[in-house]
Amino acid sequence: MTEWTNEPGLCPLRSSGPRPAGLGAQAEVEETLKRIQSHKGVIGTMVVNAEGIPIRTTLDNSTTVQYAGLLHQLTVKARSTVRDIDPQNDLTFLRIRSKKHEIMVAPDKEYLLIVIQNPCE
Amino acid sequence: MPQKQPPRRQSISVGRGARKRDEDSGTDVGEGADEWAQSKATVRPPDQLELTDAELKEEFTRILTANNPHAPQNIVRYSFKEGTYKLIGVVNQLAVHFSQVGNLIPKDSDEGRRQHYRDELVAGSQESAKVVISETEILEEEEPKEAEAEPEAASQTDVLAAEAAAKVTEEELLTPKQPKERKLTNQFNFSERASQTLNNPLRDRECQMEPPPRTNFSATANQSDDITKVTQAAKIVERMVNQNTYDDVAQDFKYYEDAADEYRDQEGTLLPLWKFQNDKAKRLAVTALCWNPKYNDLFAVGHGSYDFMKQGRGLLLLYSMKNPSFPEFIFSSESGIMCLDMHVDHPYLVVVGHYDGNVAIYNLKKPHSQPSFRSSAKSGKHMDPVWQVRWQKDDMDNNLNFFSVSSDGRIVSWTLLKSELVHTDVIKLKAEGTATDGPAGLQLHTVGCGTAFDFHKEIDYLFLVGTEEGKIYKCSKSYSSKFLDTYDAHNMAVDAVSWNPYHTKVFMSCSSDWTVKIWDHTIKTPMFIYDLNSAVGDVAWAPYSSTVFAAVTTNGKTHVFDLSINKYEAICNQPVAAKKKNKITHVQFNPIHPIIIVGDDRGHVICLKLSPNLRKMPKEKKGQEVQKGPAVEIAKLDKLLNLVREVKTKT
């Protein structure tokens, strides 16, 4: 019965709760990224690390580097803005809607996930 | 001595034989052997021993040893240690025959060196004397040459003599040193002969090109470049992407209220929102739907097959409305899933019933495909498909438990004890009136087949069971053989029974005989009967009103009724199936949002929004406070029921 009494009211479906480490988690993430990439209207996805260096990308090198550098700076600025206003707060995600497409940035502890989508397609 | 010799010789020569005589004669030949040869007669001295021939021939051995014959052979000395005389074994055998003291001394000893020095001195003075003598001779030879010359010569000779004398003294002084310092010359007259060629000086000759231009190429490879850390962000982004794609749908869901409802005289519509489907569930029918009690956007879909001939595997998918393109959780099983339920207090526990009669519990916290607990043939699984499962309140020991009903006629209560499922048969359904007389007066009861059940919201022990024969039994958990009541509900199997969420007395049932009936459990006949022109798969009460319910039929239509508005007809009658020939199997209302989900037999789940007409609240009369809450609902329904009852009593 002990396993059931762990946080009876909370279902950690949304938290970054215990995910199986190892190959299972790896495959899961890969699949999710693949799904995102193949979703309707998505132009490109990329994963950038804390220093602004792209780790994984579906776009060409020069574009990736450009996006990575610029968006990294922007994310840092946005995060600092949010935290300056309220130190308990933190940035969840950043969406930039432009005429042509939408850039979505989801920051994580160490990484940045950037997706460019054209929603009107 | 010489005198003695001749007689001895003679005796010997006589004693020893001819050989000796020859030798002697040989030696004596030179000295006039003839004379001696004549007088060879043996002369025996008078004191010679008389020996016999044997004694004469006796051989005596003489041995030469190194022993000293004069040395004593048994020296005894007194030993003070033992206090006795001891024989000394080894005696010195050395015999000195001759000794003389000499006058040689070694060179290196002190005396030797002293003598050597003295000898050298003597030798040196002799030499200098010789040199002087030779020089004086030379001088003397020179003198006569120069003596005639002048009187200076005399002085010269004097000088010369003085010089010579000085030389001598000098030499005398020098020579004692010289013999000392004189080097040991090489006696062998060795001279080294060597030659060397001319060595050329070494020189470094190099040449170096200009180095090619270099560029630095570097990159950092982190061991912790772990893509799994992006899972959370990836999930969020996926939802964002979906939101963008289905932006209009999301907007509709949130904000759209059909304005046309004002003009539609009481009727409402269902607005299709999202469609949920998955490749894995393509051929499987939706057999169960359930909203999560905690997370209002999460719902579970059970997939299986209703076809007796075509039984395959089962799937349990959990979708979130925020991500319609891919389920949050996927569980697969070998047997088709027929029903499911989510626990109210533990929203991560999902109990499912399978077509093969097994029940299983999935824990969403551990999303691997295996159920956490599963029944088996040993632990009392059903013999027939499990048609309904329902979580109950925790029992007295705080163990989780749930009920299941199946076509094998058993209603079983399962309890989760520590790590296994324990079952208890609560009721065995007996088809009443079918008792046949067996041999010896035994009454055999055929077993009824349960197809649906529902538990009362407030009265804990009370529940309803629908059967395949079309009867509904009102049962209590405490009585296992007797039913509290029986209702002859339908002509065909009862597909669903459901208590009203507000009114404690009202329940509803639907069947494949095309009818939906609403009952008061105290009255044996139904209050309302609705004929829907097609087999009704499922009915569900709306959570926000006691008079609204929805029914789905196999012709792909969804019917929504509101008894307070229209007692006889549906206020909404809408085909919602994805494809025309899809049969809709289940319907569920969302507890919070004004949406329903509808599942069909092709594995599609469609989410529909209820138009405002379908969610009508009683109109506020001006000046009167709007009452909300269950009491109002109950009162509303009561009013209706009373009307009906009055009608009935009248007729």
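Not measured: the values here are computed from a predicted model.

Section: the overall build of chain A
Part 1 of the reasoning: Secondary structure assignment for chain A yields two helices and five strands.
Part 2 of the reasoning: Taking all 121 residues of chain A together, the buried fraction comes to 36%.
Part 3 of the reasoning: For chain A, the proportion of contacts with a sequence separation of at least 24, taken over those separated by at least 6, is 38%.
Part 4 of the reasoning: Taken as a whole, chain A presents about 7,200 Å² of accessible surface, with 56% of it coming from carbon and sulfur.

A few points about empty space enclosed by the protein
A water-sized probe rolled over the atoms picks out the places where empty space is left.
Residue and element names in this part refer to chain B.
Part 1 of the reasoning: All told, the structure shown has four cavities of 30 Å³ or more when counted by the stated rule.
Part 2 of the reasoning: Its volume calculated, the second largest cavity comes out at about 50 Å³.
Part 3 of the reasoning: The wall of the second largest cavity is formed by Y256, E257, D258, T269, L271, K609, L610, S611, P612 and R615.

Thoughts on a positive patch on the surface
All names here are of chain B.
Part 1 of the reasoning: Positive charge collects at one region of the surface, where K282, R283, K310, K579, K581 and R602 lie side by side.
Part 2 of the reasoning: With respect to the helices and strands, the residue K310 is situated in the loop between β5 (298–304) and β6 (314–320).
Part 3 of the reasoning: Taking relative accessible area as the criterion, K310 reaches 61% and is therefore assigned exposed.

Observations regarding the environment of S335 of chain B
All names here are of chain B.
Part 1 of the reasoning: Relative to the elements of secondary structure, S335 occurs in the loop between β7 (329–333) and β8 (337–342).
Part 2 of the reasoning: Sequence spacing of S335 and P385 is 50 residues, and the spatial spacing of their C-alpha atoms is 9.9 Å.
Part 3 of the reasoning: Ignoring anything within four residues of it in the chain, the contact list for S335 reads G312, R313, G314, H354, Y355 and D356.

As for the sheet that holds strand β1 (residues 42–48) of chain A
Residue and element names in this part refer to chain A.
Part 1 of the reasoning: What the five strands build is an open sheet, ordered β2-β1-β5-β4-β3; its pairing is antiparallel. Among the strands making up the open sheet, the edge pair consists of β2 (54–57) and β3 (94–97). Averaged over neighbouring strand pairs, the angle between their axes works out to 15° when direction is ignored.
Part 2 of the reasoning: Relative to strand β4 (residues 102–107), β3 runs antiparallel, the two sharing four bridges. Within β4, the residue paired with R97 across the bridge is E102.
Part 3 of the reasoning: Across the sheet, helix α2 (residues 61–85) touches β1, β2, β3, β4 and β5 (112–117), and the angle it forms with β4 is around 60°.

Notes on unusual backbone geometry
Most peptide bonds are trans, and most residues other than glycine sit at a negative phi.
Residue and element names in this part refer to chain B.
Part 1 of the reasoning: With a phi close to 75°, W514 is a non-glycine residue in the positive phi region.
Part 2 of the reasoning: Looking at where W514 falls in the secondary structure, it is placed in the loop between β23 (506–511) and β24 (515–520).
Part 3 of the reasoning: We classify W514 as partly exposed; its relative accessible area is 41%.
Part 4 of the reasoning: Phi at N533 is positive, roughly 65°, even though this residue is not glycine.
Part 5 of the reasoning: Along the chain, the position of N533 falls in the loop between β25 (528–531) and β26 (536–541).

Digging into the environment of N92 of chain B
Residues and elements named next belong to chain B.
Part 1 of the reasoning: By the element assignment, N92 lies in the loop between β2 (84–88) and α5 (110–147).
Part 2 of the reasoning: Take N92: its relative accessible area is 61%, and that puts it in the exposed class.
Part 3 of the reasoning: Measuring from C-alpha to C-alpha, the distance between N92 and Q73 comes to 9.3 Å, with 19 residues separating the pair along the chain.
Part 4 of the reasoning: Among the polar contacts made by the side chain of N92, one reaches the main-chain amide nitrogen of L94 at a distance of 3.3 Å.

What counts, and where the lines are drawn
- Residues numbered from 1 in each chain as written.
- Chains lettered and ligands numbered in written order.
- Predicted model: local features only at pLDDT ≥ 70, side-chain atom pairs only at ≥ 80, totals over all residues.
- Heavy atoms only, no water.
- Helix = DSSP H or I, 4+ residues; strand = E, 2+ residues; numbered from the N terminus.
- Buried < 20%, exposed > 50% of the residue type's maximum accessible area, 1.4 Å probe, protein only.
- Contact = heavy atoms within 4.5 Å.
- Areas by Shrake-Rupley, 256 points an atom, 1.4 Å probe, with all protein chains shown as cover.
- 1 Å grid on protein atoms, 1.4 Å probe; cavity = no way out; pocket = protein on both sides within 12 Å on 5 of 7 lines; lining within 4 Å.
- Points joined across faces, edges and corners; volume = space filled by probe spheres on them.
- Patch = residues over 30% accessible without salt bridge, like charges linked within 9 Å, V, L, I, M, F, W, Y side chains within 5 Å.
- Salt bridge = Lys/Arg side-chain N within 4 Å of Asp/Glu carboxyl O.
- Lys, Arg positive; Asp, Glu negative; His and termini not counted.
- Charge placed at Lys NZ, Arg CZ, Asp CG, Glu CD.
- Pairing = 2+ DSSP bridges.
- Axes fitted to C-alpha atoms, helices over the stretch in contact; angles between N-to-C directions.
- Polar contact = N/O pair within 3.5 Å; in protein donor to acceptor, adjacent residues only side chain to side chain.

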